[in-house]
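Structure assessment
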Amino acid sequence: MNTPPFRLLATLSLTAALVACQKPEAGSRDAGAALSVGDTVSGEITSSSPLNYNDGSRHQAYRLSLKNGEAVALELNGSLNGQLSIFDGQKLLASATSSGYEGERGASALNLAFKAPKDGTFLVAVNSAGSDAFGPYQLKSSTIVPYDGKPLAAGSEAVDWLMGGKQEYALKVETAGLYTIDMESSVLDAYLHLTGRNVDIEDDDGGDRLNARIRAYLEAGDYTIAASSVNDGTGSFKLGVAMTQLDKDMVIRDGASLTVGQSVHGMVDSRGHRSFTLTLDRARHLQFDALADNIDSVLHITGPGVDAEDDDGGNGTNARLRLRMGPGRYNVMVSSFGNRQGVFELQTTDLGGDSAAQGDSNRKDDALDAAAAAAAADAAAAAAAAD
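Residues numbered from 1 in each chain as written. Predicted model: local features only at pLDDT ≥ 70, side-chain atom pairs only at ≥ 80, totals over all residues. Heavy atoms only, no water.

1. Observations regarding the side chain of Thr277
Along the chain, the position of Thr277 falls in strand 19 (residues 273–280). Those residues in contact with Thr277, other than ones at most four positions away along the chain, are Gly255, Ala256, Ser257, Leu258, Arg329 and Tyr330. (Helix = DSSP H or I, 4+ residues; strand = E, 2+ residues; numbered from the N terminus. Contact = heavy atoms within 4.5 Å.)

Here it is in structure tokens:
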């Protein structure tokens, strides 16, 4: 049976209307007001906001005119659990979803950086994250300067776009010190790889959330930073390089001597450890503490009759060993769980007491204490039975 022309026309019109609501487009009735770079606009997603028929969410749209290669940062603040999307007509160019972290207004914030592929007017859509997400928001836009290709150095920041695979950046170190390299992105699971001057370090989630961070002692020289994404994601990111001057007494090489009763400050190297030597002329009862804020320290001590290791025996994730040690030469190694780099303080304390008996770990000390407690309990039980 043939469909009457007027019914066919009505069906096509309804289909076109539904498709148009899937994603707002520039020039449509809900394309919204013009948004200029540098503007901050306020809005609210309510039940009367334009509906996305694919999932029941709502949106508000803005028109943004850009020149070819012009880059803009968009920041969405407020109580709205939202998304940001950028379209060129019907083509989705970039998007990001709220991650729940705190923004400048103390509520959830969302950041998206975008570089225009041509001259034109693009559509910026503020979307609710679901059919039950409503609330006010602020949308802030600002100009950003993309990476200019020059070598990075201490104090440098660079904004760039990952197009897939990895991208390499030159790092020039003028002054030796402790360097922190951050790769931050709201749309990528960042991954960093640093090479050069006997350094070969990789990191995935060393920074906050899914950001990457490398902390390393770097000698003066030339290095290469490779930026990439887990699972080959694409999008914008920021690279930052910071340098901290180290105390002249910081131990940065293996083999330094320890003195009982004194502390030393050291840095776990790119292999994830730092070793010291301790020479004793007589038997002693000692405590070793590896204290650190940014690494989970591990202690490993070897020498005459001793092979002891500890991870979290001290406060928090700090390592601690209490050992009865005879005369001789010992190797004291501080490492980090997961081979992460960082600085630490190593304390060596004389506990005094009977040092004649030797042990090889905290475990033996615990066993001796347990045996003494058991003996005391047996004695108390025998006395009670005699009564």
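2. A word on the sheet that holds strand 5 (residues 91–97)
Strand order in the open sheet formed by 4 strands is 2-7-4-5, with antiparallel pairing between adjacent strands. Only two strands of the sheet have a single neighbouring strand rather than two, namely strand 2 (59–66) and strand 5. Each strand of the sheet is rotated relative to its neighbour by a mean of 20°, with strand direction disregarded. Here strand 2 pairs with strand 7 (residues 120–128) via 8 bridges, running antiparallel. By the bridge assignment, Ser65 is partnered in strand 7 with Thr121. (Pairing = 2+ DSSP bridges. Axes fitted to C-alpha atoms, helices over the stretch in contact; angles between N-to-C directions.)

3. Notes on the environment of Gly314
Relative to the helices and strands, Gly314 is located in the loop between strand 22 (306–310) and strand 23 (319–325). A sequence separation of 26 residues divides Gly314 from Phe288, and the C-alpha atoms of the two residues are 9.5 Å apart. Apart from the residues within four sequence positions on either side, Gly314 is in contact with Ala319 and Arg320.

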